[in-house]
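Notes for the structure review
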2 protein chains.
Amino acid sequence: MPVEMLANRSVAQLEALRLELMEEYESYRAMGLDLDMSRGKPSARQLDLCQEMLDTVTSRSGTISESGIDCRNYGYLDGLPEVRQLLANMLEVGKDEIIVGGNSSLNMMYDCMTRALLYGVYGSDKPWCKEPEIKFLCPVPGYDRHFAITQHFGIRMINIDMTDEGPNMDQVERYVESDPAVKGIWCVPKYSNPTGITYSDRVVERFAGLTPAARDFRIFWDNAYTVHDLYDEGDHLLDLFSLLKEKGKEDMIFIFGSTSKISFAGAGLAAVAASRKNIAFMRRQLAIQTISYDKITQLMHVRFFQDLDHLKEHMKKHAAILRPKFQMVEEILTRELDGLGIARWTRPRGGYFISFDTLPGCAKRTVALCKEAGVTLTAAGAAFPYGIDPKDTNIRIAPSYPELGELEQAAKLFCLAVKIASVEYLLTTSV
Amino acid sequence: MPVEMLANRSVAQLEALRLELMEEYESYRAMGLDLDMSRGKPSARQLDLCQEMLDTVTSRSGTISESGIDCRNYGYLDGLPEVRQLLANMLEVGKDEIIVGGNSSLNMMYDCMTRALLYGVYGSDKPWCKEPEIKFLCPVPGYDRHFAITQHFGIRMINIDMTDEGPNMDQVERYVESDPAVKGIWCVPKYSNPTGITYSDRVVERFAGLTPAARDFRIFWDNAYTVHDLYDEGDHLLDLFSLLKEKGKEDMIFIFGSTSKISFAGAGLAAVAASRKNIAFMRRQLAIQTISYDKITQLMHVRFFQDLDHLKEHMKKHAAILRPKFQMVEEILTRELDGLGIARWTRPRGGYFISFDTLPGCAKRTVALCKEAGVTLTAAGAAFPYGIDPKDTNIRIAPSYPELGELEQAAKLFCLAVKIASVEYLLTTSV
């Protein structure tokens, strides 16, 4: 059957199709699926890849680091020197431009935000909470947890359109350079959450060229997927930090990263990187907050991964598990939806997500249909500030957690739900 | 030679004594000691007691908890159920009245403070940072890191005198019940840092009887040394949380604890406990801050300690290492200083510190003399808000880290320094 744009069909044809699709949907419902695809969780097979890391800190192997530090005791607020070196290499910064702390880069972002609010960042005239209003730019669709932090603290969020090569920089420049209340922007520059795109050189260069109206403006550069290629040939992200240094603007960026999707999602390492002045400023505040982070976990990581080359080799094992999942979803989406004129989606070469767009007003309905048949997706609208997707079109697909068999069922159900929602929409609008 | 009050000696006698003491001091200086006694760090021998904990989460033993949770992945924001139970038992609260998070109770206190400042606590009309001024009561001498958090955020600190049975409750009641700007009080109720005293039943009962002027007043109850007895017969602390519940005031307290001085100082577990309403309120905010804490470390702890009885047995091994250190310091202090009328000190039955008081104006000089001879003590004044000890008398002694031989030298040097500082003082005041 040749593929035909759904929009070209008659009302009668659409009615018939709807009945047919609903019948198929009922058979899915009858299957009693129970699958949670709401978050970008690694699968157990991926977590197994690091299982031997646990054998590197036993009573036999000990907990004195190779640099002679007793990792059990207090001290070394900014992390073991050797683990700082490893993560500095991963994030392409110097060893004195990084703090390794805790298991959650989200928590480090949250901490950076609370410190900025209550104390200010390096160069602030006053704590951000003393300003009449502050604003953050939010490229959309984006990472829901970034937006949750911003919303929680009553920071006004401004949507910035995402293009195929990153945020719309005309919009970014306009806001950043004209409004001193704009204190920051959230970015996931490589394999962006959820679109999977990597910022182009041109976009990164324009970030380096920003001349903010606020003297304490910060780019929150969440480089969560820097080594998370699905293919041997990964995307290349221009090194913004170096560009900023060339222009003497290196204080303008906070870089975040973690091993959550390298080692253990809930028990990895997180890091914040920034200019020496930012790090010194942050370190003084951090000394008020805690005595030190868990260095046994740090030691475990550095003993297992050794150096960046080994870590990158390790990432190929993740890719070998993840790639078939992305490919399967892509294949099913193409087979089921291509040419119908009711959807478009991204084809990421790394990261954890596929971003999917339905016809206007169909995202919520699609997610609800999946949920009712036992497959939980990320809530529609989640990738937008305040959870409001103005056109109700965007859905984040997270293929990492289910195994292939489940994923196949889920993807087929998803396509069916998209078709049902689309037909319903077309029937409504064609009246 | 019979002991005589130094104050009764003539100027000539004091001058002669000073020369004699300085000669002895020079011989200490020549020894080139290098010892840091500034913090309450456990010794390597204490940390060794838990070394086998590391063998409980290997690739063989696995990381699926006994309750079936994959501890490597995201999830369980408030901690593994079994570890929550363990620490709930330790802190004498219910399993649904606790959050286990991270490795640092200090960080949890800091987080409670930042949340209160930026968002308010359960029952607040507005975030604390929107109040014109807020104040915290600080029993002195107290824990320097509590005061550092308070000072960092510009919260006004009010000194409360410590008595032999806890804070001066007349002062506490007066401030708490009359001034709505007083939002909290810092307490280390058992084996208090640094005095080592445990709040008496009467004091705890008066805490339960408080009727704060601020509806969102909180007692920050840092029960850091709840199972840290030096002797078989430990001090008994009345259960304030239960007393508050009886009066329907259970929202008035945040309880903190950790295993920093039970397992590994830098790689243990921390917890905050509070009423169900407080915990629910906190949990919603915590969900913004992080995805989950490190559950592998949690699993390791619960597999090693099993239950509170085993944990208490384990604490006896710590006591066996710590007790001789406290006894040696006490013995040397008594032998060298008793009857001279120049010092008094506490005789704690648990915890990590001895609090020492010199003649007025002698604490800084004593610490400086020790430092010059290679022994670093906690900075004089550290146990007071803003680092200001009004009479310059208080010194915190932390005997835990050095081994016995070093500790003996350090204690003797300390007594010598106290005598020198005292003689200098008496010579100055007798002019």
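The structure reproduced in this document is the subject of the present report. (Residues numbered from 1 in each chain as written. Chains lettered and ligands numbered in written order. Predicted model: local features only at pLDDT ≥ 70, side-chain atom pairs only at ≥ 80, totals over all residues. Heavy atoms only, no water.)

Focus: the overall build of chain A
Looking only at helices and strands, chain A has 13 helices and 13 strands in total. The C-alpha atoms of chain A give a radius of gyration of 23 Å, which matches the 22 Å a tight globule of 431 residues would have. Judged by the C-alpha coordinates and their principal axes, chain A covers about 75 × 55 × 35 Å. For chain A, with 431 residues in total, the buried portion stands at 63%. Total accessible area on chain A stands at roughly 16,200 Å², and carbon and sulfur atoms take up 49% of it. Treating the 49 positive side-chain charges of chain A as one cloud and the 58 negative ones as another, the clouds have centres 5 Å apart. (Helix = DSSP H or I, 4+ residues; strand = E, 2+ residues; numbered from the N terminus. Rg over C-alpha atoms; globule rule 2.2 N^0.38 Å. Buried < 20%, exposed > 50% of the residue type's maximum accessible area, 1.4 Å probe, protein only. Areas by Shrake-Rupley, 256 points an atom, 1.4 Å probe, with all protein chains shown as cover. Lys, Arg positive; Asp, Glu negative; His and termini not counted. Charge placed at Lys NZ, Arg CZ, Asp CG, Glu CD.)

A few points about the pairing of strand β3 (residues 135-140) of chain B
Residues and elements named next belong to chain B. Burial analysis of β3 places six of its six residues in the buried class, the great majority of the element. Burial along β3 is two-sided: the face carrying Lys135, Leu137 and Pro139 and the face carrying Phe136, Cys138 and Val140 are both buried. With six bridges joining them, β3 and strand β4 (residues 156-163) adopt parallel strand pairing. Residue pairing across strands places Pro139 opposite Ile160, the latter belonging to β4. Each parallel crossover has a hand, and the one from β3 via helix α5 (residues 144-152) to β4 is right-handed. Note: β3 against strand β6 (residues 182-187), three bridges, orientation parallel. Bridge assignment links Lys135 to a residue of β6, and that residue is Val182. (Pairing = 2+ DSSP bridges. Right-handed = clockwise from strand over helix to strand, strands pointing away.)

A few points about the pairing of strand β7 (residues 218-222) of chain B
Residues and elements named next belong to chain B. Along β7, five of the five residues are buried, which leaves the element largely enclosed by surrounding structure. Across the two faces of β7 the burial is the same, with Arg218, Phe220 and Asp222 and Ile219 and Trp221 all buried. Judged from the four bridges that link them, β6 and β7 form a sheet pairing that is parallel. Within β7, the residue paired with Cys187 across the bridge is Trp221. Read from β6 through helix α7 (residues 201-208) to β7, the crossover connection turns out right-handed.

Quick look at the nonpolar core
If you look at the biggest cluster of nonpolar residues, it comprises 124 residues, and the most contacted ones within it are Phe207 and Trp221 of chain A together with Phe207 and Trp221 of chain B. Every residue in contact with Trp221 of chain A, bar those within four places of it in the chain, is listed here: Cys187, Pro189, Tyr199, Val204, Phe207, Leu237, Leu240, Ile253, Phe254, Ile255 and Phe256 of chain A. (Core = buried A, V, L, I, M, F, W, Y, C linked by side-chain atoms within 4.5 Å. Contact = heavy atoms within 4.5 Å.)

A few points about the sheet that holds strand β11 (residues 354-358) of chain B
Residue and element names in this part refer to chain B. Here we have three strands laid out as an open sheet, ordered β10-β11-β13, and antiparallel in their pairing. Of all the strands in the sheet, the pair left with one neighbour each is β10 (343-345) and β13 (394-397). Between one strand axis and the next, the sheet turns through 20° on average, direction left out of account. Here three bridges tie β10 to β11, and the two strands are oriented antiparallel to one another. The partner of Trp345 across the bridge, within β11, is Phe356. The strands that helix α12 (residues 363-372) touches are β11 and β13; relative to β13, the one it contacts most, it runs at about 40°. (Axes fitted to C-alpha atoms, helices over the stretch in contact; angles between N-to-C directions.)

Let's talk about helix α5 (residues 144-152) of chain A
Because each turn of an α-helix spans 3.6 residues, side chains separated by three or four positions in sequence point in the same direction. Residues and elements named next belong to chain A. α5 sits mainly inside the fold: seven of its nine residues count as buried. Regarding α5, the residues found buried are Asp144, Arg145, His146, Phe147, Ile149, Thr150 and His152. A positive phi of about 70° marks Gly154, the residue just after α5.

Examining the sheet that holds strand β5 (residues 166-167) of chain B
Residue and element names in this part refer to chain B. With mixed pairing, eight strands are arranged side by side in an open sheet as β2-β9-β8-β7-β6-β3-β4-β5. Taken across any chain shown, the strands that pair with only one partner, and hence form the sheet edges, are β2 (98-100) and β5. Sheet strands in contact with helix α3 (residues 81-91) are β2, β8 (253-258) and β9 (270-273), and its direction is about 120° off that of β2. Helix α6 (residues 169-178) contacts β3, β4, β5 and β6 of the sheet and is inclined by roughly 155° relative to β4.

Examining the interface of chain A and chain B
Reports of interface size often rely on the accessible area that becomes lost once the parts have come together. Of the residues lining the interface, 57 residues belong to chain A; the matching set on chain B comes to 57 residues. In this assembly, chain A packs against chain B so that about 4,800 Å² is buried in total across both faces, 56% of it on carbon and sulfur atoms. At the junction of chain A and chain B, the tally comes to two salt bridges. With its nearest N and O atoms 2.7 Å apart, the salt bridge here joins Arg72 of chain B to Asp48 of chain A. Listing elements by their share of the side of chain A that touches chain B, those giving two or more residues are α2 (44-48), α4 (105-118), α5, α9 (276-289) and α10 (295-305) of chain A. With eight residues, α4 of chain A is the single largest residue contributor to the side of chain A that touches chain B. The class makeup of the residues in the side of chain A that touches chain B is 25 nonpolar, 19 polar and 13 charged. (Buried area = accessible area lost by both parts, 1.4 Å probe. Salt bridge = Lys/Arg side-chain N within 4 Å of Asp/Glu carboxyl O. Nonpolar A, V, L, I, M, F, W, Y, C, P; charged D, E, K, R; others polar.)

With respect to the relation of the copies chain A and chain B
For the pair chain A and chain B, the superposition axis carries a translation of 0.0 Å, the fit reaches an RMSD of 0.0 Å, and the rotation angle comes to 180°. Overall, the copies show the geometry of a two-fold rotation axis. Both copies contact each other with a shared surface, as 100% of the interface residues of chain A are interface residues in chain B too. (Least-squares fit on C-alpha atoms with pLDDT ≥ 70 in both.)

Focus on the side chain of Ser43 of chain A
Note that Ser43 of chain A resides in the loop between β1 (35-37) and α2. Leaving out residues up to four positions away in the same chain, Ser43 of chain A has contacts with Ile321, Lys325, Ser400, Tyr401 and Glu403 of chain A.

Section: the pattern of salt bridges
A pair can form between side chains of opposite charge whenever their charged atoms are brought close. Per the stated rule, a full pass over the model turns up 62 salt bridges over all chains. Its salt-bridge partner being Lys135 of chain B, residue Asp179 of chain B comes within 2.6 Å of it at the nearest N-O pair. Placement of the pair is Asp179 of chain B in the loop between α6 and β6 and Lys135 of chain B in strand β3, with a sequence separation of 44 residues. With respect to class, Asp179 of chain B is no different from Lys135 of chain B; both count as buried. Salt bridges sharing common partners tie together Asp96, Glu97, Lys245 and Arg276 of chain A.

Topic: the environment of Leu54 of chain A
Mapped onto the elements of the fold, Leu54 of chain A is located in the loop between α2 and α3 (81-91). Expressed as a C-alpha distance, the spacing of Leu54 of chain A and Thr297 of chain A, which sit 243 residues apart in the sequence, is 9.2 Å. The contacts of Leu54 of chain A, once residues within four sequence positions are left out, are Phe264 and Met300 of chain A together with Val57, Thr58, Ser59, Thr63 and Ile296 of chain B.

A few points about the side chain of Asp144 of chain A
Residue and element names in this part refer to chain A. Following the sequence through the fold, Asp144 ends up in helix α5. With relative accessibility at 15%, the residue Asp144 sits in the buried group. Excluding residues within four positions of it along the chain, Asp144 makes contact with Arg39, Thr378, Ala382 and Arg396.

Observations concerning the environment of Leu416 of chain A
Here Leu416 of chain A shows up in helix α13 (residues 404-429). Those residues in contact with Leu416 of chain A, other than ones at most four positions away along the chain, are Leu21, Glu24, Tyr25 and Tyr28 of chain A.

Side note on α4 of chain A
All names here are of chain A. The end-to-end C-alpha distance of α4, which contains 14 residues, comes to 20 Å, matching closely the 20 Å that a straight helix rising 1.5 Å per residue would cover. The buried fraction of α4 is high, at 14 of 14 residues. The opening residue of α4 is Ser104, an N-cap whose side-chain oxygen sits 3.4 Å from the backbone nitrogen of Leu106. In the segment just after α4, Gly120 is the residue with positive phi, at about 95°. (Expected span 1.5 Å × (residues − 1). Polar contact = N/O pair within 3.5 Å; in protein donor to acceptor, adjacent residues only side chain to side chain.)

Observations concerning unusual backbone geometry
For the peptide bond that leads from Val140 of chain A to Pro141 of chain A, omega is 0°, which places it in the cis range. Among the structural elements, Pro141 of chain A can be located in the loop between β3 (135-140) and α5. One non-glycine residue, Glu92 of chain B, lies in positive phi territory at about 60°. Note on placement: Glu92 of chain B falls in the loop between α3 and β2.

Section: the packing of aromatic side chains
Residue and element names in this part refer to chain B. The full count for this structure, using the stated rule, is 32 aromatic pairs over all chains. A ring pair is formed by Phe136 and Phe220, whose centres lie 5.3 Å apart and whose planes are at 70°; its orientation type is edge-to-face. One end of the pair, Phe136, is in strand β3; the other, Phe220, is in strand β7, and 84 residues separate them in sequence. One exposure class covers both Phe136 and Phe220, and it is buried. Arranged with centres 5.9 Å apart and planes meeting at 5°, the rings of Trp345 and Phe356 form a pair that is stacked. Linking Trp345 in strand β10 with Phe356 in strand β11, this pair joins segments that are eleven residues apart in sequence. Trp345 gets classed as buried once you look at its relative accessible area, which sits at 7%. (Phe/Tyr/Trp six-rings, centres within 6.5 Å; stacked < 30°, edge-to-face > 60°.)

It is worth stressing that arrangement in space is one thing and function is another; only the former is reported here.
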